[in-house]
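These are the residues of each chain, in order.
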Amino acid sequence: MATTAVGQPLSRVDARRKVTGTATYSAEHRIEGLLYGVIVNGTVARGTVSRISVDAALAHPGVLRVLTDFGKLQLAHPVDRLAFYGQPIAVVVAETLEAATHGASLVEATYERQDAVTDFDDPDIPSQTPEDEPDYSRGDPAGALASAQVKVDLELTSARENHNPIELPSTIARWQDGRLTLWDKTQWSQGAARTVAGALGIAVTDVRVHNEFLGGGFGSGIQTYDHVVLAAFAAREVDRPVKVVLTRRQFYYGTGFRPASRHRMALGSTAAGRVSALVYEVRIENARYRTYTDGLTDLPKFLYGVPNTSTAYRITPIDVHSPASMRGPGVVLGNFALETAMDQLAHELAVDPVELRLRNEPTQDEVSQLPFSTRKLRECYQTGARRFGWSRRRAKPGSRTDGDLLIGMGMATASYHNNRRDSSARARIHADGTAEVFAASADMGPGTTTSVMQVAADALGLPASAVTFRLGDSSYPTAPLHAAACTMASVGSAAHTTCNALKAEFIRRAVADPNSPLHGANPADVQVRDGQLETSGARDTYRDILRRAGLPSLDITGNWGPGDADSRISTYGYGAVFAEVSVDPLLGLVRVRRIFAAYDVGRVISHKLAHSQAIGGMVGGIGMALLEGTVTDHRDGRIVNASLADYLVPVNADVLDLDAAFINTEDPQADPIGVKGLGEITIVGVAPAIGNAVFNATGKRLTDLPIRPEALL
């Protein structure tokens, strides 16, 4: 009896290649005639380059060109002036990386400096309301807050966070016959092709981007940054392939980041714990040259049934590189403010934090007035509390100890919109009975290559071992960016739809073929298992159908999109995150002892991969809560801790006991495979759960991220 691939704990299909070093990442491709490019970064936050000397660099052995004129390029920022510290001012191209690196150190520049502001708390810089984030209000939030029986009004902050995946941003560019091929670390090959084509003034059809393997991304590879365009530009100028790999320090200067933020979260409640008012005001740092926004206000106005709610989103433009998406963009910070305030309200009311949230469960989406497709948040609370042992929590802060350590438990709700986007796929069955599915998606680590293969195998009625999912090439059928937790719902649904169409085509051919054992059968009665088409004891196979037709293969390209579903339903993923911490009161050190989370994320294609995703999100949340923060020297905009020696990220010793469970549910109204996005939600809720646990341990309500030892002393 055949078993379905979906739900099986399959190992990643690319795991062996990755652990044995045979997976080829963007910087590792062997290209004949390859040269090396190193970017020279400007050292002022605002101004112009008045003079640049390249003679010493050109005199260095192995250096071939020093490119300084970017005037014809269309970049995201101005090219005639400096808009942020680290903006590229030159590219040194050489025969070896060593020569290019030393040559770059020999380039000298002088600047005409202008007054720059890199501190977005500078009171002289006015804030703005972004066009795509207008103020929101329902009911009478000001009046309801003023008359509330119990009030909580918190000021919260978060530091800037920089991306630190293992693989550095890297690009190889090669021109042949006027066409450009890029091997690039990007989470969106087709987006990169469009950006580079626009920057260079060429047709997007003349650009092909390969990105089969990515060593982590977390949002850092969504946008196409200067180094990609400059690699292509340099390769065109020198008429040879050029590789550009940013250093770790350049990574901080040359790509986006999670912006620092300032929040006010005010809640008003009845004495019985019914939240009647919510006022949320938030401000984030931005670049002067470009507006960046994300979903900071989404959860505060959506998550609980609060009749009187207002949100206000502001940006402060300063002289920095533009912020960008980072795992759980926006939502993770808005949720930190909301869930911290909810925990404080529970404390003021002397109500269990889980119970308070249950008392404020909405019956519909109060923003859109739409019904929920599925919302099994109650089950998440119940499962999480039971598995975590929440009943052992002591309500009085500081009342539980372990030797000299204070022990605390905290929890928070998590949620993220179920993003689905138009996507396409091509499915092909070969004469040997194997199948391939193609889409221009990417896999930065969650196991997309494996999970889409599982969906495709079941749709085709083939064993998983007979199906290969091919991705990482912009020439493949259209796929959305590999981000925003939309890949499985979008690309997986496209693969499912296309593979079902291909299976139907084989069935149609079989029942119409006089030489087929299935000739004349009702197509609706034909089942496909392990590549065999069966009905009423008669069997045919994919192989035989292709053999009789004299075809080496048969393929179909199909499309899927959410259509108008979002105008009829509100579809989100949900979770409940529970954390236990220890606090050393003498040193102010916080250690996470364990985290457990329960999630409602629709149908889980692979619990093995989903659990891995959850663990990864928790690790990122620990970093946000306790470690990560970018430090800027506001005299010139230089990032002080632009290295893994100085920018702290979690290591194995910080992640002792992490676990997750998934509520058994599907969301068929959202997409044909019933899934919800998982990649983003797993970081949402972690930082406030840890912060709330610290409060339970110490009685100190800390509202600044990351939580630093000095705040507890």
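Refer to the preceding data block for the structure.
Residues numbered from 1 in each chain as written. Predicted model: local features only at pLDDT ≥ 70, side-chain atom pairs only at ≥ 80, totals over all residues. Heavy atoms only, no water.

Chemist: Whenever I open this one, unusual backbone geometry confuses me. Can you help?
Modeler: That bond from Leu-705 to Pro-706 is cis: its omega, 0 degrees, falls within 30 degrees of zero. The residue Pro-706 is located in the segment after β31 (704-705) in this model. Phi at Asp-177 is positive, roughly 55 degrees, even though this residue is not glycine. Counting through the fold element by element, Asp-177 comes out in the loop between β9 (170-176) and β10 (179-184). (Helix = DSSP H or I, 4+ residues; strand = E, 2+ residues; numbered from the N terminus.)

Chemist: Would you take a moment to explain empty space enclosed by the protein for this structure?
Modeler: Empty space among the atoms can be located by rolling a probe the size of a water molecule over them. For the structure on display, the rule yields 4 cavities of 30 Å³ or more. The space that makes up the largest cavity amounts to roughly 110 Å³. Across the lining of the largest cavity, the residue classes tally to 7 nonpolar, 4 polar and 2 charged. (1 Å grid on protein atoms, 1.4 Å probe; cavity = no way out; pocket = protein on both sides within 12 Å on 5 of 7 lines; lining within 4 Å. Points joined across faces, edges and corners; volume = space filled by probe spheres on them. Nonpolar A, V, L, I, M, F, W, Y, C, P; charged D, E, K, R; others polar.)

Chemist: Whenever I open this one, the packing of aromatic side chains confuses me. Can you help?
Modeler: Between two aromatic rings, the relevant description is the distance of the centres plus the angle of the planes. Inspection of the entire model under this criterion finds 14 aromatic pairs. Relative to Tyr-647, the ring of Tyr-252 has its centre 5.6 Å away and its plane inclined at 70 degrees; by these criteria the two rings are edge-to-face. Here Tyr-252, found in helix α7 (residues 248-254), pairs with Tyr-647, found in the loop between β29 (638-639) and β30 (658-662); they are 395 residues apart in sequence, far enough to count as distant. Judged by its relative accessible area of 1%, Tyr-647 falls in the buried class. Pairing Phe-302 with Tyr-574 gives two aromatic rings, centres 6.5 Å apart and planes at 20 degrees, and the pair type is stacked. Here the residue Phe-302 occupies a position in helix α8 (residues 298-302), and Tyr-574 occupies one in strand β26 (residues 572-584), the gap between them amounting to 272 residues. The same class applies to Phe-302 as to Tyr-574, namely buried. Within the aromatic cluster, the residues linked to one another by ring pairs are Phe-302, Phe-372, Tyr-572 and Tyr-574. Sitting above the plane of the Phe-257 ring, Arg-160 keeps its charged end 4.0 Å from the centroid. Above the plane of the ring of Phe-695 lies Arg-701, whose end atom (NZ or CZ) is 4.0 Å from the centre. (Phe/Tyr/Trp six-rings, centres within 6.5 Å; stacked < 30°, edge-to-face > 60°. Buried < 20%, exposed > 50% of the residue type's maximum accessible area, 1.4 Å probe, protein only. Lys NZ or Arg CZ within 6 Å of the ring centre and 35° of its normal.)

Chemist: Could you clarify how one ought to interpret the state of the cysteines in this entry?
Modeler: A covalent bond between the sulfur atoms of two cysteines is referred to as a disulfide. This model, assessed by the stated rule, comprises 0 disulfides. For the unlinked cysteine Cys-486, the closest cysteine sulfur is that of Cys-499, found at 19 Å. Given a relative accessible area of 0%, Cys-499 falls into the buried group. (Disulfide = S-S within 2.5 Å.)

Chemist: Whenever I open this one, the sheet that holds strand β19 (residues 423-430) confuses me. Can you help?
Modeler: Strand pairs in the sheet, formed through backbone hydrogen bonds, run parallel or antiparallel to each other. Pairing is mixed across the open sheet formed by 4 strands, whose spatial order is β21-β20-β19-β25. This sheet does not close on itself; its edge strands, each paired only once, are β21 (467-470) and β25 (553-560). Averaged over all neighbouring strand pairs, the angle between strand axes comes to 20 degrees, with direction disregarded. Each of β19, β20 (435-438) and β21 is contacted by helix α12 (residues 448-460), which is oriented at about 130 degrees to β21, the strand it contacts most. (Pairing = 2+ DSSP bridges. Axes fitted to C-alpha atoms, helices over the stretch in contact; angles between N-to-C directions. Contact = heavy atoms within 4.5 Å.)

Chemist: I'm lost on the layout of surface pockets in this one. Help?
Modeler: Here the second largest pocket defines a volume of roughly 470 Å³. Contributing to the lining of the second largest pocket are 26 residues, with Arg-17, Glu-212, Phe-213, Phe-469 and Arg-470 lying nearest its centre. Elements that contribute at least two residues to the lining of the second largest pocket include exactly α1 (15-20), β11 (207-210), α12 and β21. Counting residues per element, the lining of the second largest pocket draws most heavily on β21, at 4 residues.

Chemist: What am I meant to see in the pattern of salt bridges here?
Modeler: Any two side chains of opposite charge can pair, on the condition that their charged atoms come close. The full count for this structure, using the stated rule, is 37 salt bridges. Where Glu-339 meets Arg-357, a salt bridge forms, and the shortest distance between an N and an O atom there is 2.9 Å. Taken as a pair, Glu-339 in helix α9 (residues 331-349) and Arg-357 in helix α10 (residues 353-359) lie far apart in primary sequence, 18 residues in all. In this structure, Glu-339 and Arg-357 share a single accessibility class: buried. The residue Arg-701 makes a salt bridge to Asp-343 at a minimum N-O spacing of 2.7 Å. Of this pair, Arg-701 sits in the loop between α16 (686-698) and β31 while Asp-343 is found in helix α9, placing the two residues 358 residues apart along the sequence. Owing to a relative accessible area of 18%, Arg-701 belongs among the buried residues under this scheme. The class for Asp-343 is buried, based on a relative accessible area of 4%. (Salt bridge = Lys/Arg side-chain N within 4 Å of Asp/Glu carboxyl O.)

Chemist: Quick question: what am I supposed to make of the side chain of Ser-516 here?
Modeler: Relative to the helices and strands, Ser-516 resides in the loop between α13 (487-512) and β22 (527-529). Accessibility expressed as a relative area gives 6% for Ser-516, which makes it buried. Residues in contact with Ser-516, not counting those within four places in the same chain, are Ala-510, Asp-540 and Arg-548.

Chemist: Explain the environment of Leu-471 to me, please; I cannot follow it from the model alone.
Modeler: Topologically, Leu-471 is positioned in the loop between β21 and α13. Along the backbone, Leu-471 and Gln-87 are 384 residues apart, and their C-alpha atoms lie at a distance of 32 Å. Apart from residues lying up to four places away in sequence, Leu-471 is in contact with Glu-212, Ala-439, Ser-441, Ala-442, Asp-443, Thr-448, Thr-449 and Tyr-476.

Chemist: Even after reading the chapter, I still don't get the packing of helix α5 (residues 189-200) against helix α6 (residues 226-238), so can you show me in this structure?
Modeler: The relative placement of two packed helices comes down to the angle between their axes together with the axis-to-axis distance. It is the contact of α5 with α6, at a shortest axis distance of 10 Å, that shows an interaxial angle of 50 degrees. If you check the angle between α5 and α6, you find them oblique. Judged by the twist between their axes, the crossing of α5 over α6 is right-handed. Facing Val-196, Ala-199 and Leu-200 of α5, the residues of α6 in contact are Val-228, Val-229, Ala-232, Phe-233 and Arg-236. Its residues placed into classes, the contact of α5 with α6 shows 7 nonpolar, no polar and 1 charged. (Parallel < 35°, antiparallel > 145°, perpendicular 65-115°, else oblique. Left-handed = near helix turned anticlockwise from the far one by under 90°.)

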